[in-house]
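Chain by chain, the residues run as shown.
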Amino acid sequence: MACAARHLFARNNHVSQIAATTRSRLSVGLSLPSSPRYFSARAKDAQKGDLSALKVQQGRLMDTLHYTCSFGTGKRWGSEPTETGMSRLALSDSDKQARDWFVETTRALGCNVTVDAMGNIFAVRPGRRGGPATFAGSHLDTQPSGGRYDGILGILAGIEMLTVLREHNFETEFPVGVVNWTNEEGARFPISMTSSGVWAGEIPLDRAHNLQEVGGGTATMKSELEQIGYLGSTPASYQSMPIAAHFELHIEQGPILETEQQKVGVVKGVQAYRWFTVNVVGRDAHTGTTPLQNRADAMLLAAQLITHSHRLATVHSALASTGILTLSPGSTNTIPGHVSFTLDVRAPTDATVDTMESDLKRDFAALAAGEDIGGLLERSTPGIPLKVEWRTDFVSPATVFHPDCIAAVRASAQAVTGSATLVRDMMSGAGHDSVYANRRCPTSMIFVPSKNGVSHNPEEYTSPEDCAIGAEVLMQSVLRYDRLRADRERKAH
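About the cut-offs
- Residues numbered from 1 in each chain as written.
- Predicted model: local features only at pLDDT ≥ 70, side-chain atom pairs only at ≥ 80, totals over all residues.
- Heavy atoms only, no water.
- Core = buried A, V, L, I, M, F, W, Y, C linked by side-chain atoms within 4.5 Å.
- Buried < 20%, exposed > 50% of the residue type's maximum accessible area, 1.4 Å probe, protein only.
- Contact = heavy atoms within 4.5 Å.
- Helix = DSSP H or I, 4+ residues; strand = E, 2+ residues; numbered from the N terminus.
- Axes fitted to C-alpha atoms, helices over the stretch in contact; angles between N-to-C directions.
- Parallel < 35°, antiparallel > 145°, perpendicular 65-115°, else oblique.
- Left-handed = near helix turned anticlockwise from the far one by under 90°.
- Nonpolar A, V, L, I, M, F, W, Y, C, P; charged D, E, K, R; others polar.
- Polar contact = N/O pair within 3.5 Å; in protein donor to acceptor, adjacent residues only side chain to side chain.
- Pairing = 2+ DSSP bridges.

Visitor: Kindly report on the nonpolar core, identifying the contributing residues and their values.
Guide: Counting residues in hydrophobic clusters, the biggest one holds 98 residues, and the most contacted among them are Phe-102, Phe-122, Phe-135, Leu-156, Met-161, Trp-199 and Phe-247. Once you skip the residues sitting within four places of it in the chain, Phe-135 turns out to touch Phe-122, Ala-123, Val-124, Gly-177, Val-178, Val-179, Met-241, Ile-243, Ala-245, His-246 and Phe-247.

Visitor: Account for unusual backbone geometry, naming residues and giving values.
Guide: Here the amide bond leading from Ser-328 into Pro-329 is cis, since omega sits at 15°, within 30 degrees of zero. Relative to the helices and strands, Pro-329 resides in the loop between strand S12 (325-328) and strand S13 (334-335). Backbone geometry places Asn-183, a non-glycine residue, at a positive phi of 55°. Residue placement: Asn-183 occurs in the loop between strand S6 (176-180) and helix H7 (194-199). Phi is positive for His-456, which is not a glycine, with a value near 55°. Tracing the chain through its elements places His-456 in the loop between strand S18 (443-448) and helix H15 (464-492).

Visitor: Would you mind going over the environment of Thr-68 in detail, with residue names and values included?
Guide: Positionally, Thr-68 belongs in helix H4 (residues 58-68). Spatially, the C-alpha atoms of Thr-68 and Glu-489 are 39 Å apart, while their sequence positions differ by 421 residues. Once residues lying within four places of it in the same chain are set aside, the contact partners of Thr-68 are Arg-88, Trp-101, Ile-152 and Leu-156.

Visitor: Could you give an account of the packing of helix H13 (residues 403-417) against H15, with specific residues and numbers?
Guide: Pairs of packed helices are described in terms of their axes, by the angle between the two and the distance that separates them. Their axes nearest at 8 Å, the elements H13 and H15 cross at an angle of 130°. Between H13 and H15, the crossing angle belongs to the class labelled oblique. H15 is crossed by H13, and the crossing has right-handed handedness. For the pair H13 and H15, contact is made by Asp-404, Cys-405, Ala-408, Val-409, Ala-411, Ser-412, Ala-413, Ala-415, Val-416 and Thr-417 and by Ile-469, Glu-472, Val-473, Gln-476, Ser-477, Arg-480, Tyr-481, Leu-484 and Arg-488, respectively. Within the contact of H13 with H15, the residues separate by chemical class into eleven nonpolar, four polar and four charged.

Visitor: Which residues make up the side chain of Thr-134, and what are the values?
Guide: By the secondary structure assignment, Thr-134 is in strand S5 (residues 133-138). There is a polar contact of 3.4 Å between the side chain of Thr-134 and the side chain of Arg-485. Residues within four places of Thr-134 in sequence aside, it is in contact with Pro-175, Val-176, Gly-177, Ala-244, Ala-245, Phe-247, Val-478, Tyr-481 and Arg-485.

Visitor: Break down the pairing of strand S4 (residues 121-125) for me, citing the residues and quoting the values.
Guide: Most of S4 sits inside the fold, with five of its five residues counted as buried. Of the two faces of S4, the one lined by Ile-121, Ala-123 and Arg-125 and the one lined by Phe-122 and Val-124 are each fully buried. Here strand S3 (residues 112-115) pairs with S4 via four bridges, running antiparallel. For Val-113, the partnering residue across the bridge sits in S4 and is Ala-123. Relative to S6, S4 runs antiparallel, the two being bridged by five bridges. For Ala-123, the partnering residue across the bridge sits in S6 and is Val-178.

So far we have only geometry, and geometry alone does not tell us how the molecule works.
Shown next as structure tokens:
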């Protein structure tokens, strides 16, 4: 470990004073002590209750974040060194590099590291007493053409939290830590939040291990976990690795905070969503010899169905999107006889998603039979009836986060920003590992602004100031919850 850590810190030109001390100790072969030999005045103030005495270092946070983005750098979009996206798919070689860095860095910061059977990495810093840790959690994997902040900021803010606690010798009452969840994006292995779902007991281990990579490859999650050395021996389960509470810092991935000129979103829950695959079955035919009334044009019907999904979403104040569409036979002069497309339906409540699904299935069947819904067939030639088939791929019910965690985030956000007007309650439109964490432990999330609301894009951006504000809110939230646990235990005895 010492050799690997020495190599790690030698490569990183953006290190803090404590990291420099760590490197010098390793270079002369000394074992790393569990904590520095001093107790800062700020730590004393913080132990007494003034958490504002502990400050994240914005420059260090951003330097470390951008350094780790050398593992899986993606598409360049600007001229500055950091103006690139990310392409760090789960369990790829670049993901292994980021994981190795995470393990060595957290160990150097005094953490015990556990890797479970899904490759989830739990770094735990001991507290005064035992028990499950309060975690900051997120993910290091990215979209194939993603940005530098989605997931990554949450992990790096957790590292910054550990660094601040260590350099001030701050003792938490209970253990705290950082968890990196595997394959949150679902971009390479097609179930999002896969490994937090296994940990929560919601996704069977065998199903996750046997997930095959998209794009026609033969690799599975299990084979790639073995390949990169992260198939851990600890069972992937909330029973084997219990969590006291889970806090996740994340970019908003939407425009609300920026538009309203606010700094922090206190996330109260995550909207419901379902993923479907819709198959449209018609008949291949020659484009030049088949009259319009004799066609069973699967592509034409698919276009009508997708348009109608947008209209229904508007009616129900929901969201509906198609991200993948394939057709066959794929010839310029052949009318497509088969089309398959995905449908992602989202809304704040399960009831709205239920209504959307029911209405979509009713209207899709009617449109396939040749009925006109909402004027979609106006001024067109009726053709031969087609068939529509549905498959439900994924269901994520609406999530309501824990009031204790929400209160900790709100108090921390108001303390860090100094103004309640800079803070707003929000629902998350996207799924996150916190959805599954919330099934087994108290959970909440923290949002910071996304420039122009852009995410899953190389140009994804959150300002250094907003990243640092989010990191400080995350650290305070974890410490407030740690104090809450201690107070409750004291009263119970």
